[in-house]
Amino acid sequence: MAARLGLQSYIDFHDVGANGHIVDKTSYNNPSQYYAISVDSLSQKLKPKIHKYDYVLIDEVEQVFSHLTSDTLKGKRNDTYHFLKHYVDVAEQIYVMDADLNHLTVETICNYVTNGSEREYAFIHNESIAENRDIYLYGSEGHLTNELMKSIENKEKCFVCTNSKKHVKKLVGYIKEKYGESRKVIGITSENSQQSESQDFIRNIKTQVLDYNVVLVSPSVGTGVDITFDDNAQYIDVVYGFFQARVNTHFDIDQQLCRVRNPKTVKVWITPETFRFETEPSIIKHEVIATSKQAMKISHIDPDGEIHYHTNDGYLQLYANVNSIRRGSINHLKQHFINMKEYEGWAVIPVEMSKDDIMAGVEINRIAKEIQEQERIDTILAAPLITKHEYIELFKAQERYSLTATQKYAMRRYEIESFYYTDARKALIQDDRDGKKRYEIREYENYMSDDSALMAKDQIEVTTYNTHITDRKTWLVRKRFFRDVLTLAGLADTNSAIITEKPVHATDLAACVD
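Rules of the game
- Residues numbered from 1 in each chain as written.
- Predicted model: local features only at pLDDT ≥ 70, side-chain atom pairs only at ≥ 80, totals over all residues.
- Heavy atoms only, no water.
- Phe/Tyr/Trp six-rings, centres within 6.5 Å; stacked < 30°, edge-to-face > 60°.
- Helix = DSSP H or I, 4+ residues; strand = E, 2+ residues; numbered from the N terminus.
- Buried < 20%, exposed > 50% of the residue type's maximum accessible area, 1.4 Å probe, protein only.
- Lys NZ or Arg CZ within 6 Å of the ring centre and 35° of its normal.
- Axes fitted to C-alpha atoms, helices over the stretch in contact; angles between N-to-C directions.
- Parallel < 35°, antiparallel > 145°, perpendicular 65-115°, else oblique.
- Left-handed = near helix turned anticlockwise from the far one by under 90°.
- Contact = heavy atoms within 4.5 Å.
- Nonpolar A, V, L, I, M, F, W, Y, C, P; charged D, E, K, R; others polar.
- Core = buried A, V, L, I, M, F, W, Y, C linked by side-chain atoms within 4.5 Å.

> Just checking my understanding: could you explain the packing of aromatic side chains for this structure?
To describe a pair of aromatic rings, you give the distance between the ring centres and the angle between the ring planes. According to the stated counting rule, one finds 13 aromatic pairs in the structure shown. Judged by centre distance (6.3 Å) and plane angle (40 degrees), the rings of Tyr10 and Tyr28 are tilted. Placement of Tyr10 in the loop between strand S1 (8-9) and strand S2 (11-13) and of Tyr28 in strand S3 (residues 26-28) is noted, with a sequence separation of 18 residues between them. When its relative accessible area of 44% is taken as the criterion, Tyr28 is described as partly exposed. An angle of 80 degrees between the planes, with centres 4.9 Å apart, marks the rings of Phe419 and Tyr420 as edge-to-face. The class for Phe419 is partly exposed, based on a relative accessible area of 23%. Ring-pair connections join several aromatic residues into one group, and the members of that group are Phe65, Tyr81, Tyr112, Tyr315 and Tyr319. The lysine or arginine in question, Lys184, covers the ring of Tyr212, its NZ or CZ lying 4.7 Å from the ring centre.

> Looking at this structure, how should I read the packing of helix H16 (residues 405-420) against helix H18 (residues 436-447)?
A pair of packed helices can be characterised by two numbers: the angle between their axes and the separation between those axes. Following both chains from N to C, one finds H16 and H18 inclined at 40 degrees, their axes separated by 11 Å at the closest point. On the basis of their axis angle, the class for H16 and H18 is oblique. Both H16 and H18 take part in a crossing whose hand is left-handed. Residues Glu415, Ile416, Phe419 and Tyr420 of H16 lie in contact with H18, whose contacting residues are Lys437, Arg438, Ile441 and Arg442. For the contact of H16 with H18, the class distribution of residues is four nonpolar, no polar and four charged.

> How should I be thinking about the nonpolar core in this particular structure?
One recurring pattern in soluble globular proteins is that nonpolar side chains are buried together. Of all hydrophobic cores here, the largest spans 34 residues; its most connected members are Ile58, Phe65, Leu68, Leu84, Val88, Tyr112 and Leu318. Only strand S5 (55-59), helix H3 (61-67), helix H4 (77-90), helix H5 (103-112), helix H11 (281-292) and helix H12 (313-331) provide two or more residues apiece to this core. A total of six residues in this core trace back to one element, the largest contributor, which is H12. If we skip the residues at most four places from it in the chain, Phe65 touches Leu84, Leu104, Thr105, Thr108, Ile109, Tyr112, Leu318 and Val322. With 32 residues, the next largest nonpolar core counts Ile135, Phe159, Ile205 and Phe229 among its residues.

Structure, rendered in structure tokens:
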């Protein structure tokens, strides 16, 4: 986009390979008069007293504001929020763009701008043109998996979207195992999206996508990627979509599926799971403040004794709005997606379930999972041993650049061996379940800890690490939550923190639901 608009990008990828393709080499450009930059890098690259801009343009603005609440900004969330707020506030003119622009952008911009009610606003709404296309909605993940394998067998060109990087890796491993070199496949996830092969593919996706029988992508290939062929040609036979619960919204799913603008066919499975997450922004905001109040810094105390805390209220409002939209979507993900596509003029066609196809797909997924797990175990066991110092250096380095696969698996091996105090072996890696067992052990340790120790840990997050309010672990709150749930279920009481070897029936859990 920077090149199309005549802007200087803050980052450059250099085509220095012998064949003219990208290698893992980047350089960063200093701010200029016309500058394009990612929101993550604002506080690192710009100095507000020196770098001043009259015009601010934010593309995909809904995703930019949502990104301010993402896990990847931990450690620099407060700085990033205030840098973006500053440049929006002081700009003479602000242009924001998004196909799904809604109240999140409107409210955030108004909160960002000083004397916002006195500024002039203009909203340009482009009515969408009915697309009059069909989308086939499958009721079973296994059924759609088998359909995908039929397409690969028939040498159709397939573009596969999913919101799970594990699903990408699983299918890539299965396809390679089954077809070998007779089918060319590439999978791109957050783990490899910054590596040379993936970057080369993404930058030249319109041409290179045709070199593959199957392209599988996670949400790491999303915004800014447009696969439109000359004369609106239909070179991609089928776009497939597999979407699990509680990962992203129906807007995000639509963005992924629409990377290929004019495929011959679109086939999708979306989890039918529904939830009842709270969606009222004021309540979401209150949840954060209530769970963190014991570890918050005091701002001031009123003459009547009312205590006020530092809450970064502007950011908390943004956080509440983002999570309100996200939770509302996740609560009824499949139905929201159907409603959106029908509003856009698509015909959503339910596909009748086939027991044989479902069973075949389930078996494919089982085998694929086994292949992926064995590959993961073998790679960890083959990874080099590293010291604690080397691990810390790699941990810091991953914030600045993409690590190699060897470095990543060396870190995974160190994490397992340092936690269990023993050499990595197949049985241990399997039992660890990709870190889930370590997580469970740490949660149990937290649950059994004294309240005073947990209060001290909560306070350290504020006083020592200055952790943002929405990023705090809230150790004591978590312990009390588990204690309340176990007590309601009859698995804890005043004498026992946890009661083992006790049968639990569905009727015993009624109090937990209420």
